[in-house]
Amino acid sequence: MSISRKRLSPEESRSAALGAARRLLLSDGPQAVTLKAVAAAIGRTHANLLHHFGSASGLQRELARSIAESVTTSIAVAVERARAGEQDARDIVDMTFDAFGREGAGALAAWMILTGNRDALNPILESLHNLVAQLSAGHEDHQVAETTLALVLNALGDSLLGAPIAEAMGLKRDTARELAAERLRARLDLYREQ
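Residues numbered from 1 in each chain as written. Predicted model: local features only at pLDDT ≥ 70, side-chain atom pairs only at ≥ 80, totals over all residues. Heavy atoms only, no water.

Before going further, it helps to spend a moment on the overall build of the protein. Secondary structure summary: the protein contains nine helices and zero strands in total. Order of helices (α) and strands (β) in the protein, N terminus to C terminus: α-α-α-α-α-α-α-α-α. If one aligns the C-alpha atoms of the protein with their principal axes, the spans along those axes are about 60 × 45 × 30 Å. The proportion of buried residues among the 194 residues of the protein is 40%. Long-range contacts, defined as pairs at least 24 residues apart, comprise 71% of the intrachain contacts of the protein with a sequence gap of at least 6. Put simply, the protein shows about 10,700 Å² of open surface, and 56% of that area lies on carbon and sulfur atoms. (Helix = DSSP H or I, 4+ residues; strand = E, 2+ residues; numbered from the N terminus. Buried < 20%, exposed > 50% of the residue type's maximum accessible area, 1.4 Å probe, protein only. Contact = heavy atoms within 4.5 Å. Areas by Shrake-Rupley, 256 points an atom, 1.4 Å probe, with all protein chains shown as cover.)

Structure, rendered in structure tokens:
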């Protein structure tokens with residue numbers, strides 16, 4: 001799907017490029033998220049995208065930021081609801097695992113690491129840091145950081161190798177999710193008792 005050649009504002013152009021990058025990530029994998037491919041998808045020139053993002057790694061960094069901010073915002077709301085007993089921990093786990101799996105964040109992060117583009121991970125790390133700070137509500141609460149670390153690493157690993165490992169072990173595909181949900185439920189119970 002191509003956008004007409006009408007003049008777009010800088011924000012519209014960036015938004016269209018990020019949307020196309022996200023579609024390419026989901027359909028063809030992280031290696032497909034190039035300036036040339038995104039430019040072709042939105043009917044713009046490579047130079048136009050170079051102007052907005054500086055490089056392919058700049059585009060990937062902004063794509064990572066977009067995914068991370070969207071997901072962490074939703075997770076923060078879900079955690080607050082779960083703390084109040086209004087939402088199950090499995091919902092939080094599913095949101096996190098889906099972000100890394102179905103939404104492509106796991107493949108994108110792995111690709112960035114393997115291609116040496118570690119700086120592009122900074123938006124993901126910043127979003128996670130901000131999420132932990134928000135959920136800790138100014139207290140020095142290592143449990144939130146530890147729980148987030150465990151959940152993110154589980155989701156990342158599951159997005160990359162979860163299906164074949166579960167199959168090799170004769171386990172149901174969502175076993176890792178359910179185990180993560182059990183651990184999160186236990187943490188939420190401790191939180192409510194405090």
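Opposite charge on two side chains makes pairing possible when the charged atoms of those side chains draw close. In the structure shown here, the tally under the stated rule is 16 salt bridges. With a shortest N-O distance of 3.4 Å, E86 and R81 are connected by a salt bridge. Classification of R81 by relative accessible area gives partly exposed; the value is 37%. Of the charged contacts in the structure, one is a salt bridge between E146 and R187, with a shortest N-O distance of 3.7 Å. Taken together, the residues span a long stretch of sequence, with E146 in helix α8 (residues 142-168) and R187 in helix α9 (residues 175-193) at a distance of 41 residues. Residue E146 is classed as partly exposed on the basis of its relative accessible area of 44%. The class for R187 is partly exposed, based on a relative accessible area of 28%. (Salt bridge = Lys/Arg side-chain N within 4 Å of Asp/Glu carboxyl O.)

We now examine empty space enclosed by the protein. Evaluation of the coordinates by the stated rule reveals one cavity of 30 Å³ or more. As for the largest cavity, its lining consists of 29 residues, and the residues nearest its centre are I75, L131, L135, T148 and L151. For the lining of the largest cavity, the elements supplying multiple residues, two or more each, are α4 (56-83), α5 (89-100), α7 (122-136), α8 and α9. The greatest single-element share of the lining of the largest cavity, amounting to eight residues, is contributed by α4. Considering only residue class, the lining of the largest cavity consists of 20 nonpolar, six polar and three charged. (1 Å grid on protein atoms, 1.4 Å probe; cavity = no way out; pocket = protein on both sides within 12 Å on 5 of 7 lines; lining within 4 Å. Points joined across faces, edges and corners; volume = space filled by probe spheres on them. Nonpolar A, V, L, I, M, F, W, Y, C, P; charged D, E, K, R; others polar.)

Within the largest apolar cluster, 50 residues are counted, with the highest numbers of intra-cluster contacts made by V38, L49, L59, L63 and I92. With 11 residues, the top contributor of residues to this core is α4. (Core = buried A, V, L, I, M, F, W, Y, C linked by side-chain atoms within 4.5 Å.)

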